[in-house]
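# Geometric and topological summary
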Amino acid sequence: MSFFPNPQTLVEVGPISIQWYAVLILTGAFLAYYLICKEAKRMGYDEDDMDNLFIGALLFGILGARIWYVLFSNLSTYLADPISIIKIWEGGLAIQGGLFSGILFGYFYAKKHKMNFFRFFDLVMPYVLIAQAIGRWGNFVNQEAFGRVVTEAYFEHWPSFLNFIKEGMLIGGSYREPMFFYESILCLIGFALIMLYKKYSHAKRGDLGFCYLLWYGAIRFWIEASRSDSLMFMGLKMAQIISLIFIAIGVLGLLGVFKKWIKTDKPVLLFDLDGTLLDTEFLIRKSFTHVFQQYKPEYSLSEEELLSFMGPTLEESFRKYFDESQIEELVACYREYNLAHHDELVRPLPEAKELLHQWKQEGYHIAVVSSKFRDVVVRGLECCGMIQDVDLVLGRNEYEKAKPDKQGLIRACQLMNVSHDDSIYVGDSHSDILAAKNAGMYSIGYVSNPKREKEIRDMNPNRVIFHLSEINEVLKEDISWTYNLR
C-alpha cells in the first residue's frame, strides 16, 4: 500500500511505500505547527492544548479533504464500491474540504476548552499558508495541479536555477503552466503580508483569519482558472465556487459583520493587591525597615531600594541582602510586624472600593491575584470593605511559581471557569505587567506612585493609567485582545 497517490516514492520497505507527496504535506504541517506553538506560548496557551488541536485538526482535515474529494469527483463510482471511500492511499484529497473540517474542529475545541475562537483563528490560519506553500511541491513531484499547455518559450526568461520546474512541467510531451509554483509563492507572499498587517495595524480579533480567507480565496480562484484537473460541480469548478465564498466571508469578517452576530463575554478583571487596590506602601516600607533594623542595623535603605520592594516576593527581595539560610526567619519577622500593624495602616486606593462594586454590579468577573499569602489578602480586602465584590482571591501559597510567571493568573481563570483569552490584569509593578504578558492577557500598568511610572512604562503594557476609573474607558473600547506589546 502507499499512503498517498501517484508513484513518486521516497522510501519503500516491503509492501509499504511512502510517497514524496506525503512527506511534503507532513513537513508543511509540522513546520506550521512548530511556528504556531512558538506564538501560542506568547498567548498563554499550554503545549497540551496545541498538541490536541494539531492532532485533531490534522485528522479531521484529512477526513474532510477525503470526503470533499469523494463528493465532487465521481460520487457514483464511490457509492457503487463504498469500501473504496476509505482507500485514501489510492488518491483523492481536496484541501478546501480539509480547511472546512479543520476549522470546524477548532471551533468546537475552542468552545469546549474556554478558548476564544477568533483568537485561535488568528493564531492558526496565517501559518496554514506556510503548510500550503510547502505541500504544493508534492503536486510538482507527482506532476499534477498543472495548468494549460504552453510552449517552451514560456520559460525562456526564468532564471536558470528554476530549470528543474520547466523539466518537471513537461507532461505527456507538452509543457504546462506550473500553477503549483504560483500558488506556493503566493501563499508565502500572503503570509508575509498578513504578518506585516498584524505588526503595523490595529487588527481586531479574527482579522488575521479573515485576511487568510480573503487572500487564499483570491489566489485559488485565479489558480483554478488555469488548472486542467479541477473538481467540477454542475459544470463549474468547485474550487472557484468555494473561493468566492472564502472571499465573501473574508470581506464581511473584516467589516465586522460576524462579530455583531456573535455574543462575546465581558472581559475578566484580575488585579494585583498592593499598590493596585490597596494603599499598603507605607506599611511595606515600615515592615522592611523593621526587618533591616533587627538583622542589619548598620544598613540604611535608600528611597530607590524601598521602591524596589514593591512587587517582588519577600524571598526575592531579601535574597539581595541576606544569606539564603536567613530568608525564612526574615520573612517570618516581616509578616509578624506587618500583621501587627496591618489594620491601622492599610487603606483602599482612591476609587478602588467604589469601582469594584460598580464592576461587580455590571456583571464582570473579578479576581485578586497577589504575591501575598491568601489570608493576608483576604484580611486587607475585608478591612477595606471590598471582599464582597471579589469572586476569587488567589494568594502566593496557592500556586507554585510566583509572578512574573503566568501560573497564578491562569489558575485564577481556571478556578472561575473563564477564559484567559479575554482577561485583563491590572498591576503596579514590572512583575505584574510581565506576568500578564506571559499569560497572554491584556496588561494595564497602574501608576499609583509617580516615582514608579518609568518602571511601568519600560515594561510597555497595553495601557498605562493614573486613575483606576480609566479602566472604564478601556472597557468601552473595541480592544484587540489578541496582541500583547513586547
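Just above, that's the structure.
The paragraphs below set out a description of the structure included in this document. In this text the structure is predicted, and so the values were computed from the model without any measurement.

Another aspect to go through is the packing of helix 4 (residues 95-112) against helix 8 (residues 207-226). Two elements in contact, helix 4 and helix 8, have axes whose closest approach is 13 Å; the angle formed by their N-to-C orientations is 165°. Looking at the two axes, helix 4 sits roughly antiparallel to helix 8. Of the two elements, helix 4 crosses helix 8, and the hand of that crossing is left-handed. The residues of helix 8 that touch helix 4, namely those facing Ile-95, Gln-96 and Leu-99, are Tyr-212, Tyr-216 and Arg-220.

With that settled, consider the pattern of salt bridges. Within this structure, the stated rule accounts for 24 salt bridges. The salt bridge involving Lys-406 is made with Asp-46; its shortest N-O contact spans 3.6 Å. Of this pair, Lys-406 sits in the loop between strand 12 (392-394) and helix 18 (407-416) while Asp-46 sits in the loop between helix 1 (20-42) and helix 2 (47-72), placing them 360 residues apart in sequence. Its relative accessible area of 18% is what places Lys-406 among the buried residues. Between Glu-183 and Arg-136 there is a salt bridge; the shortest N-O distance is 3.0 Å. Here Arg-136 lies in helix 5 (residues 117-141) and Glu-183 lies in helix 7 (residues 179-200), a separation of 47 residues in the sequence. Given a relative accessible area of 1%, Glu-183 falls into the buried group. When salt bridges with common partners are traced through the structure, they connect Glu-281, Arg-285, Glu-303 and Lys-451 into a single cluster.

Moving on: the pairing of strand 14 (residues 442-446). In terms of residue burial, strand 14 counts as a mostly covered element, since five of its five residues are buried. Two strands pair when backbone bridges link them, and strand 13 (residues 423-427) and strand 14 are joined in this way by four bridges, in the parallel orientation. Note that in strand 14 the partner of Ile-424 across the bridge is Tyr-442. Handedness of the crossover joining strand 13 and strand 14 through helix 19 (residues 430-438) is recorded here as right-handed. The pairing of strand 14 with strand 15 (residues 463-465) spans three bridges and is classified as parallel. Paired with Ile-444 across the strands is Arg-463, a residue of strand 15. Crossover strand 14 to strand 15 through helix 20 (residues 453-458) is right-handed.

A few words on the sheet that holds strand 14. Overall, parallel pairing links the six strands, which are arranged 12-11-8-13-14-15 in an open sheet. Pairing within the sheet leaves two strands with one partner each, and these edge strands are strand 12 and strand 15. Across this sheet, the average inter-strand angle for adjacent strands is 20°, counted without regard to direction. Note that strand 8 (residues 268-271) and strand 13 share four bridges and pair parallel. Pairing of Val-268 across the sheet is with Ser-423, part of strand 13.

Criteria and cut-off values
Residues numbered from 1 in each chain as written. Predicted model: local features only at pLDDT ≥ 70, side-chain atom pairs only at ≥ 80, totals over all residues. Heavy atoms only, no water. Axes fitted to C-alpha atoms, helices over the stretch in contact; angles between N-to-C directions. Helix = DSSP H or I, 4+ residues; strand = E, 2+ residues; numbered from the N terminus. Parallel < 35°, antiparallel > 145°, perpendicular 65-115°, else oblique. Left-handed = near helix turned anticlockwise from the far one by under 90°. Contact = heavy atoms within 4.5 Å. Salt bridge = Lys/Arg side-chain N within 4 Å of Asp/Glu carboxyl O. Buried < 20%, exposed > 50% of the residue type's maximum accessible area, 1.4 Å probe, protein only. Pairing = 2+ DSSP bridges. Right-handed = clockwise from strand over helix to strand, strands pointing away.

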